[in-house]
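Structural overview for review
Residue strings, one per chain:
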Amino acid sequence: MTIRPFRLSVLTLSLFIPAALCAVVLFLVIYSGQAILFNGLHFITDINWNLGDLYDDPVTVNGISVPSGANYGIWVFIAGTLASSTIAILIAVPLSVGAAIFLAEAVSPKIRPILSLLVELIAVIPSVVFGLWGIAVLVPFISHYLSPTGNGYGLLAASIVLALMITPIIASTLLDALMQVPRENRESAFALGATHFEVVAKAMMPMVRTTLVGGIVLALGRALGETMAVLMVSGGGINILPDSLFSPISTIASFVVSQLDSAQADPTNMSVRALSEVALVLFVITLAVNAAAKLLASGALNVRNRK
Amino acid sequence: MSATANSPPQRSTQEIRRVITGNIGWVACGIALLLVIAPLIDIVGVVAYNGFSAFSLKLFTTSTKGAGGGLLNAIEGTILITICAMVIAVPIGVGAGIHLSEYGKNKLGSTIRFLSDVLTGTPSIVLGYFSYIVFVIALGWGFSLLAAAITIAILIVPYLARITELALQQVPNTMREAGFALGASEPTVVFKIILPGAASGVVTGALLALAISVGETAPLIYTAGWTNFVWHGRFTHEPVSYLTYVIWTFIDQPDAQSHALAFAAALLVMLVVLAINVGVRLLVRRTKLV
């Protein structure tokens, strides 16, 4: 076997990708080690995130030095993440399904590229610009017309912004799938006397169902990890579970950003370690969701091949 | 068109109901499309209106001072971070794309592809926090240009690899075979035949990666820091400013001047991102026709 320097060098370059991923996981695990030991399972179930008294002498618990009174629990942020992402999906799915159907079937092929370009462009707007729009337009709107307390920042604002951001993911996935439905299937449905809408709803949609679910799960993965837009409009609630659409919330991702300053003030470094554990939890959640999306996508492919 | 179609058949109530249901369905779908596109137009409109009215010469010639001043340091910082990130990421991403496309039809290739997808799906804040504990704390670089650039590079390498791979796959196999038949070596075939043939695709990938790095915020908060001054030429131990930071912090200030700066920064970022994405899509569509 001969050594091929060119192949070897591009192989090395491509190995950077797995190496970077492994480094991310490894260092997050190593760094959060002490925090994992200190927090145990309470980390997931506690609703209280308390940095403790950063100016008092640190106390030692099980050989780990922590600020006195410190307690790290992220159930509030998990709840905030799940609530905002779920509501975002509930808003985004009907909108994007309707938009994709309209683009695929009701629009002339001449203007379809322009409209689908517009839908795709939503996905490239930076999330911080969505957040800016949320603060400037959406939050005042909610506080004037919807919120009983007059507070616009909160779960609803975060969910709407998230919904806008994930709509193009679902819509373009579904649009691609609808455009690939074989002509024979459409025409046989028409030949049976179905109206155009019945052809779409009863003949085409069942064929692309798996792809649609895959797109929704992919969008969910994006929504769970979204940071800036949520941080800017969510109101940053901590230590209290959201009880209405207008409660201030924090998601896991937005909480990590908002804690930078206080974490740096901790002399024992415990809060930086605990935040590392938070990031690890977020990584695991999004990994699971994205893996599910991938499985669904490959499943859809198998079904199509079998036919 | 049939001969017996002279008198239209009587429609039963059931048929009428089906037609009406269909029409309601189409109207609902049209409204859905409107509701999807309207926010985009509103976002672009609001940002453009507020941003353009904040434009002045001072914006591009002076640095931020507290929550006022210009945007010189932020513009410079964003350009620096983007250039450094691209310098790190393009060789790795394009190299990885070459490997995946030309030699990646095996277990190793699909494993790398899968892990690359995992990295793409990882929230950017997780990458930012990783860089924070490794580069900023453990290596002691502090908030710095290099930490920020490496973080953005990790973020965009998977995109570059994927798009390069797709672009190289578009080059027909006969071109490779013709090259090898002339006695060309592997690197010659890749660099002289395949890469030039796929150049527009690779450039597309690089431009999209550039757009991503200009618009990113979350990973920079934990790596770049913030400063009111322009760059002094140090890669570590010196924080850098960036445009997206201005957007998310200045909009929370109470005064109109900082709001204007936030919108101006948003407009600059949005112009770059939209120009690249619209341009790339028009270009790709045209080359496909040719």
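Rules and cut-offs
- Residues numbered from 1 in each chain as written.
- Chains lettered and ligands numbered in written order.
- Predicted model: local features only at pLDDT ≥ 70, side-chain atom pairs only at ≥ 80, totals over all residues.
- Heavy atoms only, no water.
- UniProt positions renumbered as here; feature names shortened; annotations may be inferred.
- Helix = DSSP H or I, 4+ residues; strand = E, 2+ residues; numbered from the N terminus.
- Salt bridge = Lys/Arg side-chain N within 4 Å of Asp/Glu carboxyl O.
- Buried < 20%, exposed > 50% of the residue type's maximum accessible area, 1.4 Å probe, protein only.
- Expected span 1.5 Å × (residues − 1).

1. Overview of the UniProt feature "transmembrane region" (unreviewed entry) in chain B
Residues and elements named next belong to chain B. Using the residue numbers shown here, the UniProt feature "transmembrane region" (unreviewed entry) corresponds to residues 24-49, 79-98, 118-139, 145-168, 189-212 and 260-284. For residues 24-49, helix accounts for 100% and strand for 0%, while the C-alpha atoms at its two ends are 36 Å apart. Helix and strand shares over residues 79-98 are 100% and 0% respectively, and the end C-alpha atoms of the span are 27 Å apart.

2. Here we look at the pattern of salt bridges
Overall, the coordinates contain 11 salt bridges over all chains when judged by the stated rule. Among the ionic pairs, A:Glu226 bridges to A:Arg222, the shortest N-O distance being 3.6 Å. By relative accessible area, which is 31% here, A:Arg222 ends up partly exposed. Across the pair B:Glu165 and B:Arg162 runs a salt bridge whose closest N-O atoms are separated by 4.0 Å. Note that B:Glu165 and B:Arg162 are positioned in helix H6 (residues 145-170) at a spacing of three residues, about one turn of the helix. Since its relative accessible area comes to 8%, B:Glu165 is described here as buried. Taken together, the shared-partner salt bridges connect A:Lys294, B:Arg113, B:Asp117, B:Arg162 and B:Glu165 into one network.

3. As for the UniProt feature "domain: ABC transmembrane type-1" (unreviewed entry) in chain B
When the UniProt feature table is mapped onto this chain numbering, "domain: ABC transmembrane type-1" (unreviewed entry) sits at residues 75-280 of chain B. Secondary structure content for residues 75-280 of chain B is 78% helix and 0% strand, while the C-alpha to C-alpha distance between its ends is 23 Å.

4. Observations concerning helix H4 (residues 107-121) of chain B
With 15 residues, H4(B) should cover 21 Å at 1.5 Å per step; its first-to-last C-alpha distance of 21 Å lies within 8% of that length. When H4(B) is considered as a whole, its buried residues turn out to be B:Gly109, B:Ile112, B:Ser116, B:Val118 and B:Leu119.

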